[in-house]
Every structure is written in structure tokens, then in C-alpha cells.
Amino acid sequence: MNCPCGSQETYANCCIKVHQNIAHAKTAEQLMRSRYSAFVLADGDYLMASHHSKTRQPKEKKAIVNWAKSVQWIKLDVLETTKGLEKDSEGTVTFDAYFYENGKVDCIHEKSAFLKENNLWMYLGLSK
């Protein structure tokens, strides 16, 4: 199976490694791609674990999983990254995530902020 993140790798050679050990995400983009794959797979545990502790809201996990299961994920397009490399402590990733819901194609366009916590990349939230 090709990885849902669009890397052209198999899932077994791509996001599963990060899903099993978040330390494998060496860049903010790798973490963002792994989070997209987790949405495709409705992996709420990983979505919570990869969310920065300052902005994590565990009470929303069930709603996130239910929504992720209710749509058909189409593709991810990474548009831009700023910083977020292995040596950085913060970065942003701008992306479009396409999905099919209620009979139509829709898109999440987001510029996400990432911050290292305990030397691991974590999703902080929308970038300002």
C-alpha cells in the first residue's frame, strides 16, 4: 500500500515508522505527513500523541476520529515549509488536504506550526 502522505513510498517504509516511534520524524514536514496519514487511518491515539502538550485537547479525540472516519481522504499537497529541519526547534508547513464529504470534494488549507518538545517534533496548531 502506498503511504497516504503522498511520499511515493509504501506505508511500511514511511509513516508507519513515525506512527510507531515519533522520534523518526526528523522534520516538521515528516511529522505533518505522518499526521495526515493518521487522519486517513483514523488513528486518534497518534494524533493526540503528536500534538504539543500546550495545545493538545484529549477530549476532542473521539470527535476527531469520528470525523476522520466519515470522510474519504483523497490526497495531500505540501505547498511550503519554513524552517522545521532537524536542527531547528520550530517550523511551519503549509498544505492542502483534500477529502470527499457529503457528495463533494473539499479541502483543508492550513499553515501549521510545529515546535519541538523534549527534542521531538510536535504539532502546535495553526500558524499566526
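Before reading further, recall that the structure is shown in the block above.
So, a few notes on the structure that sits alongside this text. (Residues numbered from 1 in each chain as written. Predicted model: local features only at pLDDT ≥ 70, side-chain atom pairs only at ≥ 80, totals over all residues. Heavy atoms only, no water.)

To continue, consider the environment of Lys54. Mapped onto the elements of the fold, Lys54 is located in the loop between α3 (44-49) and α4 (61-70). Sequence separation of Lys54 and Leu76 is 22 residues, and the distance between their C-alpha atoms is 26 Å. (Helix = DSSP H or I, 4+ residues; strand = E, 2+ residues; numbered from the N terminus.)

Okay, the state of the cysteines next. The final tally for this structure, using the stated rule, is 0 disulfides. Unpaired in terms of disulfides, Cys3 finds its nearest cysteine sulfur in Cys15, a separation of 3.5 Å. There is no disulfide at Cys5, and the cysteine sulfur nearest it, in Cys14, is 3.7 Å away. (Disulfide = S-S within 2.5 Å.)

For the rest of this paragraph, the subject is the pairing of strand β2 (residues 90-101). Here is the key point about a regular strand: its side chains alternate between the two faces of the sheet. Where strand β1 (residues 72-83) lies against β2, 10 bridges are found, and the strand directions are antiparallel. Within the sheet, the bridge partner assigned to Val78 lies in β2 and is Phe95. In this structure, the hairpin formed by β1 and β2 is closed by a connection of 6 residues, where Gly84 is found at a positive phi of approximately 75°. Across 12 bridges, β2 lies against strand β3 (residues 104-117) in antiparallel orientation. For Phe99, the partnering residue across the bridge sits in β3 and is Asp106. Here β2 folds back onto β3 in antiparallel fashion, the turn holding 2 residues, of which Asn102 has a positive phi close to 50°. (Pairing = 2+ DSSP bridges.)

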